[in-house]
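# Descriptive structure summary
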Amino acid sequence: MPTAANPTLPPVFQPQSAADYLPPPVLRQLQWERLQAIVARAAERVALYRTRFQECGLSPGGLAGLADLARLPFTTKADLRDTYPFGLFASPMDEIVRLHASSGTTGKPIVVAYTQQDVDVWTSVMVRAFAICGLHHGDIVQNAYGYGLFTGGLGAHYGAEGLGATVIPISGGNTDRQIMVMKDFGVTAICCTPSYFLHMIDRAAELDVDIRELPLRVGVFGAEPWTGSMRKRIENLTGVQAFDIYGLSEVIGPGVAIECPEQNGLHIFEDHFYPEVVDPETGQLLPEGQEGELVLTTLSKQAMPMIRYRTRDITALIPGQCPCGRSLRRMKRISRRSDDMLIIRGVNVFPSQVEAALLEVEGTLPHYQIILTRFHGLDQMEVQVEVTPETFSDKIGALEELNGKIADAVEHVLGIRVEVTLVEPHTIQRSEGKAKRVIDRRVQS
Ligand SMILES: [Zn+2]
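Let us now look at the overall build of the chain. Within the chain, the regular secondary structure consists of eleven helices and 21 strands. The C-alpha atoms of the chain give a radius of gyration of 23 Å, which matches the 22 Å a tight globule of 445 residues would have. For the chain, the spread of C-alpha atoms along the three principal axes comes to 70 × 65 × 40 Å. Taken across its 445 residues, the chain has 54% of its residues classed as buried. The contacts of the chain with a sequence gap of at least 6 include a subset with a gap of at least 24, amounting to 67%.

The next point concerns the coordination of the zinc ion. Under perfect tetrahedral coordination by four donors, a metal shows angles of 109.5 degrees; under perfect octahedral coordination by six donors, it shows angles of 90 or 180 degrees. Within the first shell, the zinc ion binds the protein through C260 (SG), H267 (NE2), C322 (SG) and C324 (SG), at distances of 2.1 to 2.3 Å. Geometry at the zinc ion is tetrahedral, judged from its four donor atoms and the angles of 101 to 119 degrees they form at the metal. Read N to C, the donor residues that coordinate the zinc ion are spaced as C-x6-H-x54-C-x1-C. A residue pair is termed long-range when its members are at least 10 positions apart, and H267 in strand β9 (residues 266-268) and C324 in the loop between β13 (317-318) and β14 (330-331) qualify at 57 residues. Overall, H267 belongs to the buried group, its relative accessible area being 0%.

Another point: the pairing of strand β18 (residues 364-375). The element β18 is largely enclosed, with a buried count of nine among its twelve residues. As judged from the nine bridges shared by β18 and strand β19 (residues 378-387), these two strands associate in the antiparallel manner. Following the sheet pairing, T373 is matched in β19 by Q380. Hairpin geometry of β18 and β19 is characterised by an intervening segment of two residues between the two adjacent antiparallel strands and by a positive phi of about 50 degrees at H376.

Looking at the chain, the pLDDT average stands at 92 and 96% of residues meet or exceed 70. Contacts for the low-pLDDT stretch residues 1-8, under 50 throughout, to residues beyond four places or in other chains number eleven contacts.

When we look at a pair of aromatic rings, we describe it by the centre distance and by the angle of the planes. Applying the stated criterion to the full structure yields six aromatic pairs. One aromatic cluster is present, formed by F197, F221 and W226 through successive ring pairs. Sitting over the face of the ring of Y274, R329 holds its NZ or CZ atom 5.5 Å from the ring centroid. Its end group placed over the ring of F350, R336 keeps NZ or CZ at 4.2 Å from the ring centre.

For the rest of this paragraph, the subject is empty space enclosed by the protein. Within the structure shown, the criterion is met by one cavity of 30 Å³ or more. The wall of the largest cavity is formed by L80, T83, P85, G87, L88, F89, V111 and M304. Of the residues contributing to the lining of the largest cavity, the split by class is six nonpolar, two polar and no charged.

The next thing to look at is the packing of helix α9 (residues 351-359) against helix α11 (residues 396-414). Between α9 and α11, the shortest axis-to-axis distance is 9 Å and the interhelical angle comes to 140 degrees. Relative to α11, the element α9 is oriented oblique. As α9 runs across α11, the sense of the crossing is right-handed. Where α9 abuts α11, its residues Q353, V354, A357 and L358 lie against I406, A409, V410, V413 and L414. Class assignment for the residues of the contact of α9 with α11 results in eight nonpolar, one polar and no charged.

Bringing the sheet that holds strand β11 (residues 292-298) into the picture now. The strand order β10-β11-β12-β15 describes an open sheet built from four strands, whose pairing is antiparallel. Unpaired on one side and paired on the other, β10 (273-278) and β15 (336-337) mark the two borders of the sheet.

What counts as what
Residues numbered from 1 in each chain as written. Predicted model: local features only at pLDDT ≥ 70, side-chain atom pairs only at ≥ 80, totals over all residues. Heavy atoms only, no water. Helix = DSSP H or I, 4+ residues; strand = E, 2+ residues; numbered from the N terminus. Rg over C-alpha atoms; globule rule 2.2 N^0.38 Å. Buried < 20%, exposed > 50% of the residue type's maximum accessible area, 1.4 Å probe, protein only. Contact = heavy atoms within 4.5 Å. Donors = N, O, S within 2.8 Å, 3.2 Å for Na, K, Ca; no water. Tetrahedral: all angles 85-135°; square planar, octahedral: opposite > 155°, others 65-115°. Pairing = 2+ DSSP bridges. pLDDT = per-residue confidence, 0-100. Phe/Tyr/Trp six-rings, centres within 6.5 Å; stacked < 30°, edge-to-face > 60°. Lys NZ or Arg CZ within 6 Å of the ring centre and 35° of its normal. 1 Å grid on protein atoms, 1.4 Å probe; cavity = no way out; pocket = protein on both sides within 12 Å on 5 of 7 lines; lining within 4 Å. Points joined across faces, edges and corners; volume = space filled by probe spheres on them. Nonpolar A, V, L, I, M, F, W, Y, C, P; charged D, E, K, R; others polar. Axes fitted to C-alpha atoms, helices over the stretch in contact; angles between N-to-C directions. Parallel < 35°, antiparallel > 145°, perpendicular 65-115°, else oblique. Left-handed = near helix turned anticlockwise from the far one by under 90°.

Below you can see the structure in the form of structure tokens.
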């Protein structure tokens with residue numbers, strides 16, 4: 001039974017992918033022209049930008065080149081909240097064809113808007129993103145990102161359709177049905193959060209489905225930070241090539257950047273999203289190669305231009321050209337956000353550091369959770385890690401040894417000793433979307 005994409009179909013060069021290969025001087029010129037237009041649009045149509053530009057003494061047309069972008073003030077998530085719901089729109093409502101919203105941790109969500117042209121740009125960057133992962137017409141894409149106000153579902157959906165692939169708009173959840181569809185529909189590519197895919201891997205094993213025997217060959221994973229160690233685990237367990245995709249609603253949704261098969265950084269679709277990396281403390285522009293906070297400027301977005309948006313994501317621009325031949329600059333994969341930082345007994349800790357450390361130790365499963373408590377005024381950090389059934393049923397001595405190994409590995413990375421608790425498989429709650437890695441009980445205790 002022919003279940004997979006027809007293997008006789010040759011990969012087709014997507015005309016839209018031509019923009020991935022623009023000679024750098026042509027790309028810079030295009031960015032410069034688009035930057036001037038978008039800054040003028042923002043100043044003319046959005047009160048917040050107009051006021052901010054005036055405050056820093058900048059008149060529309062006052063930029064002399066791309067480097068002058070660094071003279072403009074930042075935009076932050078707080079600006080989106082403060083202007084809720086429509087205060088940053090640069091298009092009248094009758095030109096806006098779509099609204100999305102992302103749930104804030106407190107109170108009101110942030111709202112983002114798209115004109116038809118914005119939706120077309122979004123589709124084109126997603127087409128290019130999928131093409132970079134080696135997808136093409138004939139592929140069968142299981143889209144397990146959530147559909148709805150979240151941008152993940154529709155972003156991937158339009159991109160896969162634009163590519164000429166077959167889309168299964170299954171959305172998140174109902175894992176048994178996901179496995180059934182993956183198997184029965186001959187799925188060749190899947191889109192979801194990496195943590196949800198891990199959950200599917202476990203469930204497939206319980207249902208006696210071997211993902212390695214299915215035609216599934218590509219996973220496009222994003223919407224949460226994940227490490228290179230996690231990728232290795234996913235690829236080893238399933239034989240699927242796992243690509244990291246990056247995006248955020250404030251800028252467009254998924255499709256801001258994606259890994260190429262070199263898997264050495266994510267190419268940024270910088271003809272539409274201009275990247276800068278700044279010191280998160282001082283806001284100073286950092287040179288290529290230096291790690292800091294990613295700041296993005298939308299060069300073509302009509303409904304809601306974002307000028308120097310502080311993403312809170314920590315990365316560095318990678319110097320030099322990628323061997324794949326694309327001229328788009330690359331950024332390091334984002335495994336941490338400045339928002340994620342925990343301060344434990346005065347030490348800065350990122351959940352991704354813990355993830356990387358524990359996945360290096362054999363016998364662990366890629367399911368973990370960090371629990372923070374306070375005892376006699378002192379922060380306590382416990383890492384709960386699931387271990388393989390074989391390890392768990394092993395003699396107590398083996399478990400103790402593994403516990404010590406993990407504690408050592410974490411201490412090596414963080415410089416502090418934390419409590420490690422080994423738990424049975426399936427103890428830690430599974431996520432169908434973004435994983436909850438940290439439980440902070442410090443306020444109550
Ligand atoms: Zn590349």
